[in-house]
Amino acid sequence: MQEYLARNKIGNFPPLGCLEAATGSGKSTLAYELVKNRSRFNPQIVVCHKIEHLNQWEQGLLDAGCPEKKIENLNHKRATKDLSVSAQTQQWINRYTGKKNCTAGIAGASGILLITQETFKHLSRLERPQRWDIDLYFDELPTLFQPHNTKVHNFPETVKDYVKLDRLVSHCKSEVPVIKDGKVQYYKNGRVKQKTIDDRVFTVIPNSVRELRDHLENHAQTYHQSERKFLYAVLSRVETVYVKNSQWEMIGKPLKKKYDSEDGETYFLSQLNSGFLSGWNSCTVISADFSLSMFHHRFSSIHKLKFLRNAVYKNSLRYGGNHKPNCLDRLQFIYVISDDEKRRNSKEYLKGHGTNVDNKLMRELRKMGNPNFLLATNNDRREDREITCLDNCTVISAKEHGSNKFQDKNVIVFDAALNNTPKQQSMLAALGYTDDLIYQDMTLNTVYQTVSRSSIRDDKSEAVVTVFLMDRSSAVETAKRFASGYPDQVVRIRHIDENEFACHLLEPSEVDSTSSTSTKDCGSGATTRRHRRKMRNIGSSGRNGYIPVTMPDCTNFLVFNSLYSTAGSVQIRMIADFQQFQQVSSGFTLTSFAGGASLPSHVKLIRQIKAGAKRPPREAVNVHPKVKVATSL
């Protein structure tokens, strides 16, 4: 923890921001404009989950007026025998950054790169001077953790020779096999004898980074895919691998085949660390679920990194970044599990009640006239089900975040059981994630995103959207998200065996709960002294600090600065809407631009300071008398 806080103070982290608004409010359209405008000054990298989203970004940038030659859409379909996607990505970065940069100082010459998260992980070895010039965007939250169920005991010599335990993270309780004389003990019925012990969680690191890297370069194909992913995660600079001590000690133990097939795998968990956020010119997360995610908890609550929200940008979105005020009038929820059972959906419940659930769902769909509907379910339940064979059924993934191709659907069935395995749940609990937070992130946020794929995101539509969920609590929590903080909101909800909808009044605390966040709102208003000090420490320190400036008409923008103390001057690079800046920039002067290029004389904003100064004081920027330097974005 101290390591991350120390890094934050010395300025290794860029200005971190988030664009958080309701689904369908126009976040993507605004993001297209921002990326297009900022690409005039710096290379832009946009990271998405799927190739489909990369294609949406490419089309959105073209519709926003971005030249096609500036956009590079790299995915696995672009790979060739001689050049992988990672190699093509590195070529693109070399072209626009570092010593081989052929566009330095040429206004508008920087490019826009669109890549997936898998490709982004290969950028962990990117040199820091190359990161300094790049603005990074995540469209939807990055995948925070990745489980590795690896049969390490099949190759214990590799683990012992190349990997070791490092730092103690936490203490916990674990169920482990009983071992006597080096052998796992079994009951007469073949079950493994278990006992509860005090356990510890450690990080896993290479014994030697160079030796492990050379070993994988020569022998990577000899390992199974899961084993390769584990070893590459250990090598990664942007991931931290964790394991319980009890799991580590089981490596190399002789296990029977039956136990090996059920529980013999050693469970490792890799998590994104703050390394993937550091070194960039700026980093922005675009998501509707940011404040309610495990990602926010890890980096904002645990690592104390502040993602700043631009209130001006959010207020410029449709309905101020919220849902339509009468959005709940078009929504009605039907849940399956009765209130008496007092349980949530799970794979165990579906094993015993799955057929009965399908019969009830198809009965309700027949009452509605067999409309076309979306079905979000687990992969192992997509086949051999009568409901999935219906002609009016469209089976979708439970992770269809950001997709706009289902806006003609008015009925959604969500019966996916998004539960962790016991090992994964235990590990996440040991790392500080509560059960409620995990359920919110994995299930409730996914339900909200799935419902948002329907016609509810179309303001011109007046059709009623019917949502089938497994339990009442999921229905109420999803309704809160669509209430968007408006008072006196009522949601229609009923059990699947009932005939009449009941009106559930959302209490003010329930409505406001989705908007509460520790992330700072940054707009034209004044801020506290404590916030001002934090902004000064984070924003003005290091090579890539920033000076937020408020224009006469309260239009906010960011000014990123690069310090060249030997030259005795400060070169200021603006990351903003240039046309908007021109309209309000009378009286400003800028004598030089990054890379030596000059800008129009009416956009001048620099002042000479003493030669040899390490960084300018806050009053070093010469601004218009009517303009005040704000401490917020």
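Quick caveat, the model's predicted, so the values are computed rather than measured.

Caption draft 1: Representation of the overall build of the protein chain in the model. The number of helices and strands found in the protein chain is 20 helices and 28 strands. Out of the 633 residues belonging to the protein chain, those deemed buried represent 54%. Contacts spanning at least 24 positions in sequence make up 75% of the contacts within the protein chain whose residues lie at least 6 apart. On the protein chain, roughly 29,700 Å² of surface is accessible, and the fraction owed to carbon and sulfur atoms is 47%.

Caption draft 2: Quick look at the pattern of salt bridges. Following the criterion strictly, the structure yields 17 salt bridges and no others. One salt bridge in this structure joins arginine 344 and aspartate 436, with 3.7 Å as the shortest N-O distance. You can see arginine 344 sitting in the loop between strand S15 (331-335) and helix H14 (347-367) and its partner aspartate 436 sitting in helix H16 (residues 435-451), a full 92 residues away along the chain. Ionic pairing is found between glutamate 364 and lysine 367, a salt bridge with its closest N-O pair at 3.7 Å.

Caption draft 3: Main features of helix H15 (residues 422-430). Among the residues making up H15, those that are buried are Gln424, Met427, Leu428 and Ala430. The buried residues of H15 occupy an angular sector of 160 degrees when the element is viewed end-on, so they sit on one face.

Caption draft 4: Structural view of the packing of aromatic side chains. Inspection of every chain in the model, using the stated rule, returns 14 aromatic pairs. Ring geometry for tryptophan 92 versus tyrosine 96: centroids 4.8 Å apart, planes at 50 degrees, classification tilted. Placement of the pair is tryptophan 92 and tyrosine 96 together in helix H4 (residues 85-96), with a separation of four residues, close to one helical turn. Residue classification places tryptophan 92 among the buried positions, given a relative accessible area of 2%. Members of the aromatic cluster, connected to one another through ring pairs, are Phe120, Phe138, Phe276, Trp280, Phe290, Phe295, Phe299 and Phe307. Cation over ring: arginine 298 sits above phenylalanine 299, and NZ or CZ is 5.7 Å from the ring centre. One cation-aromatic arrangement involves arginine 344 over tyrosine 439; the distance from NZ or CZ to the ring centre is 3.7 Å.

Caption draft 5: Spatial organisation of the side chain of glutamate 364. Within the element layout of this structure, glutamate 364 appears in helix H14. Excluding residues within four positions of it along the chain, glutamate 364 makes contact with Phe468, Arg494 and Ile496.

Caption draft 6: Inspection of unusual backbone geometry at higher detail. If you check the backbone angles, lysine 304 has positive phi at about 60 degrees while not being a glycine. Along the chain, lysine 304 turns up in the loop between helix H12 (294-302) and strand S14 (308-310). On the basis of relative accessibility, which here comes to 46%, the residue lysine 304 falls in the partly exposed class. One non-glycine residue, aspartate 488, lies in positive phi territory at about 55 degrees.

Caption draft 7: Just the sheet that holds strand S11 (residues 239-244), in detail. Pairing is antiparallel across the open sheet formed by five strands, whose spatial order is S6-S12-S11-S10-S7. Lying at the two open borders of the sheet, with one neighbouring strand each, are strand S6 (145-150) and strand S7 (163-177). Across the sheet, the mean angle separating the axes of adjacent strands is 25 degrees when strand polarity is ignored. Sheet topology places S11 next to strand S12 (residues 266-272); five bridges connect them, and they run antiparallel. Its bridge partner lying in S12, valine 243 is registered against phenylalanine 268. Here H15 sits on the sheet and contacts S6, S7, strand S10 (194-206), S11 and S12; the angle it forms with S12, its principal contact strand, is near 50 degrees.

So, how was this worked out
Residues numbered from 1 in each chain as written. Predicted model: local features only at pLDDT ≥ 70, side-chain atom pairs only at ≥ 80, totals over all residues. Heavy atoms only, no water. Helix = DSSP H or I, 4+ residues; strand = E, 2+ residues; numbered from the N terminus. Buried < 20%, exposed > 50% of the residue type's maximum accessible area, 1.4 Å probe, protein only. Contact = heavy atoms within 4.5 Å. Areas by Shrake-Rupley, 256 points an atom, 1.4 Å probe, with all protein chains shown as cover. Salt bridge = Lys/Arg side-chain N within 4 Å of Asp/Glu carboxyl O. Arc of directions from axis to C-beta. Phe/Tyr/Trp six-rings, centres within 6.5 Å; stacked < 30°, edge-to-face > 60°. Lys NZ or Arg CZ within 6 Å of the ring centre and 35° of its normal. Pairing = 2+ DSSP bridges. Axes fitted to C-alpha atoms, helices over the stretch in contact; angles between N-to-C directions.

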